[in-house]
Amino acid sequence: MINFVTTNPGKVAEAREYLDESVEQLDFDYPERQAADLATVAAHGARAAYRHAGEPVIVDDSGLTIDALDGFPGPYSSYVEDKLGIERVWELAEREDERSGAFRAVIAYCDGDSFEATPDPVDTDRRGQDIAVEARADATTDEQVDGEALPVRLFEGVARGQIVEPRGDGGFGFDPIFEYDGQTYAEMDTEEKNAISHRGRALAKFAEWYETADR
Ligand code: ITT
């Protein structure tokens, strides 16, 4: 059993649909470190959540970036969704000629043990390696166990698409304004979204590692 530590049941529904392993939502609002990159936030969150739960945890930090707005709202996606709402984010994008954007998710896994795999990510692309190294380098002294940072394994997924006028009523968050291949995320069912989404891609990498890793 894996604890998915999040206040967002939408994330858990997607992980449940994807993973064979049973997934429980642990509604623990871990202190989100103010950091510009998802990997750092996810790694800190996973360590804090593991210390809280004492059982294997995953944490997902994710966000939407709009190219014409210099990556806004990015790491502030949750705050912006809450304070502005997705309609107003669409209105900002609507003024731009170019409306491309991307969703990114970083899933961090921590079970308190050191597993051989850390820090080499299953994701062998350059970016994945960078984020893994960054997250370890970033560990602070209070996160060290026996002088070692609690090992965290990171899995990243990215989906590129277009920001569009809201359509569809499925999913959660920014789903209605993010279009991939002609359909918004909110027009897809969970299985369709998982097949192409940022979170689905991160979950696929996690599942591949989790099922085969010598933990
Ligand atoms: P936790 O931190 O408790 O997990 P959260 O929803 O605040 O929940 P984040 O801090 O990772 O999650 O913020 C991500 C923001 O991006 C939040 O507003 C989400 O609704 C949004 N988001 C992330 N993935 C999304 C997806 O697949 N579809 C739509 N919106 C998404």
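Residues numbered from 1 in each chain as written. Predicted model: local features only at pLDDT ≥ 70, side-chain atom pairs only at ≥ 80, totals over all residues. Heavy atoms only, no water.

**Digging into the nonpolar core**
One finds Val5, Cys110, Val152 and Leu154 to be the most contacted residues of the largest nonpolar core, which totals 19 residues. Taken together, the elements giving at least two residues each to this core come down to helix H2 (38–53), strand E3 (57–66) and strand E4 (100–110). Element by element, the count of residues in this core is highest for H2, at eight residues. (Core = buried A, V, L, I, M, F, W, Y, C linked by side-chain atoms within 4.5 Å. Buried < 20%, exposed > 50% of the residue type's maximum accessible area, 1.4 Å probe, protein only. Helix = DSSP H or I, 4+ residues; strand = E, 2+ residues; numbered from the N terminus.)

**Focus: the site of the ligand**
Near the ligand lie 20 residues; those nearest to it are Thr6, Thr7, Glu81, Asp175 and Lys193. In the environment of the ligand, an oxygen atom lies 2.6 Å from a nitrogen or oxygen atom belonging to the side chain of threonine 6. Taking aspartate 175, its side chain carries an N or O atom lying 2.4 Å from a nitrogen atom of the ligand. Mapped by element, the contributors of at least two residues to the shell around the ligand are E3, helix H3 (77–83) and helix H7 (198–212). Per-class residue counts for the shell around the ligand are four nonpolar, eight polar and eight charged. (Near = heavy atom within 4 Å. Polar contact = N/O pair within 3.5 Å; in protein donor to acceptor, adjacent residues only side chain to side chain. Nonpolar A, V, L, I, M, F, W, Y, C, P; charged D, E, K, R; others polar.)

**Some points on a negative patch on the surface**
A surface patch of like charges, here negative, comprises Glu17, Asp189, Glu191 and Glu192. With respect to the helices, strands and loops of the structure, glutamate 191 is situated in helix H6 (residues 190–196). (Patch = residues over 30% accessible without salt bridge, like charges linked within 9 Å, V, L, I, M, F, W, Y side chains within 5 Å. Areas by Shrake-Rupley, 256 points an atom, 1.4 Å probe, with all protein chains shown as cover. Salt bridge = Lys/Arg side-chain N within 4 Å of Asp/Glu carboxyl O. Lys, Arg positive; Asp, Glu negative; His and termini not counted. Charge placed at Lys NZ, Arg CZ, Asp CG, Glu CD.)

**A word on the confidence of the model for the protein chain**
Looking at the protein chain as a whole, the pLDDT averages 86, with 82% of positions reaching at least 70. Note that pLDDT drops below 50 for residues 120–134; the model gives that stretch 26 contacts with residues more than four away or on any other chain. (pLDDT = per-residue confidence, 0-100. Contact = heavy atoms within 4.5 Å.)

**Structural notes on the pairing of E3**
Within E3, nine of the ten residues are buried, which leaves the element mostly enclosed by the surrounding structure. With two bridges connecting them, strand E1 (residues 2–5) and E3 associate as parallel partners. Counted as the bridge partner of phenylalanine 4 is isoleucine 58 from E3. Strand direction decides the pairing type here: E3 and E4, joined by ten bridges, are antiparallel. Residue aspartate 60 lies in a different strand from E4, and its bridge partner there is isoleucine 107. (Pairing = 2+ DSSP bridges.)

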